[in-house]
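Below, each chain spelled out in residue letters.
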Amino acid sequence: MTEGPLGTTNFSVTDEEKIKAMRLARAIASDISAYNQKKIIAGIEQDNLFDALKEEFDEGRQLFKSRVSAEIFEKLNLFDRAIVDVLIKPKGSIKSKMW
């Protein structure tokens, strides 16, 4: 296996498939963020974000899993990365024990 242009090890997945999967993961994370702002802020402040949004994260993860190949879902961890990049990092100014 060699390092691919997206910084991931090459599997039998094309770069186009990886890009589409990343976009999907980010779109799902964006929807979770848009519809749950108050829960996100409270979860960050109270350091229980993953418990507070467990249902939303589980539902989003299942949607992502249903729309990508098993290989992408199991090996690339794109959904969790999108949650961090889209939902958590932009909230870095909120006071929390998390940071």
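For the structure, check the block above.
Rules of the game
- Residues numbered from 1 in each chain as written.
- Predicted model: local features only at pLDDT ≥ 70, side-chain atom pairs only at ≥ 80, totals over all residues.
- Heavy atoms only, no water.
- Helix = DSSP H or I, 4+ residues; strand = E, 2+ residues; numbered from the N terminus.
- Buried < 20%, exposed > 50% of the residue type's maximum accessible area, 1.4 Å probe, protein only.
- Contact = heavy atoms within 4.5 Å.
- Areas by Shrake-Rupley, 256 points an atom, 1.4 Å probe, with all protein chains shown as cover.
- Polar contact = N/O pair within 3.5 Å; in protein donor to acceptor, adjacent residues only side chain to side chain.
- Axes fitted to C-alpha atoms, helices over the stretch in contact; angles between N-to-C directions.
- Parallel < 35°, antiparallel > 145°, perpendicular 65-115°, else oblique.
- Left-handed = near helix turned anticlockwise from the far one by under 90°.
- Nonpolar A, V, L, I, M, F, W, Y, C, P; charged D, E, K, R; others polar.
- Phe/Tyr/Trp six-rings, centres within 6.5 Å; stacked < 30°, edge-to-face > 60°.

Undergrad: I would appreciate a short explanation of the overall build of the protein chain in the present structure.
TA: When you go through the protein chain residue by residue, the secondary structure sums to six helices and zero strands. Ordered by position in the sequence, the α and β elements of the protein chain form the string α-α-α-α-α-α. Split into buried and exposed, the 99 residues of the protein chain put 34% on the buried side. A fraction of 58% describes how many contacts in the protein chain between residues 6 or more apart in sequence connect residues 24 or more apart. Counting only carbon and sulfur atoms, one obtains 50% of the accessible surface of the protein chain, whose full area is about 6,400 Å².

Undergrad: Please clarify how the side chain of S96 should be interpreted in this entry.
TA: When you line up the elements, S96 lands in the segment after α6 (78-88). S96 gets classed as buried once you look at its relative accessible area, which sits at 17%. Within the structure, S96 has its side chain in polar contact with the backbone oxygen of I44 (distance 2.5 Å). Beyond its immediate sequence surroundings of up to four residues, S96 is in contact with I44 and E45.

Undergrad: Would you mind going over the packing of helix α1 (residues 15-35) against α6 with me for this structure?
TA: In helix packing, the relevant descriptors are the interaxial angle and the interaxial distance, both defined with respect to the helix axes. Relative to each other, α1 and α6 sit at 50°, their axes nearing to 8 Å. Judged by the inter-axis angle, α1 sits oblique to α6. Both α1 and α6 take part in a crossing whose hand is right-handed. Residues K18, A21, M22, A25, R26, I28, A29, S30, I32 and S33 of α1 touch α6, and the partners they reach there are L78, F79, A82, I83, D85, V86 and L87. Its residues placed into classes, the contact of α1 with α6 shows twelve nonpolar, two polar and three charged.

Undergrad: Help me out: how do you make sense of the packing of aromatic side chains in this one?
TA: Each aromatic ring pair is characterised by the separation of its centres together with the angle its planes make. Evaluated as defined, the whole model comprises three aromatic pairs. Considering the side-chain rings of F50 and F57, the 5.7 Å spacing of their centres and the 45° angle between planes classify their relative orientation as tilted. Residue F57 is classed as buried on the basis of its relative accessible area, which comes to 5%. For the pair F64 and F73, a centre-to-centre distance of 6.3 Å together with 45° between the ring planes defines the contact as tilted. Residue F73 is classed as partly exposed on the basis of its relative accessible area of 22%. Here the aromatic residues F64, F73 and F79 are joined through ring pairs into a cluster of three or more.

Undergrad: Would you explain the environment of L49 in this entry?
TA: For L49, the position within the fold is in helix α3 (residues 49-52). Residues L49 and K39 lie ten residues apart in sequence; the distance between their C-alpha atoms is 7.9 Å. Apart from the residues within four sequence positions on either side, L49 is in contact with I40, G43, I44, F57, L87, I88 and M98.

Undergrad: What exactly am I supposed to notice about the environment of Q46 here?
TA: Topologically, Q46 is positioned in the loop between α2 (37-45) and α3. Separated by 52 residues in sequence, Q46 and M98 place their C-alpha atoms 8.8 Å apart.

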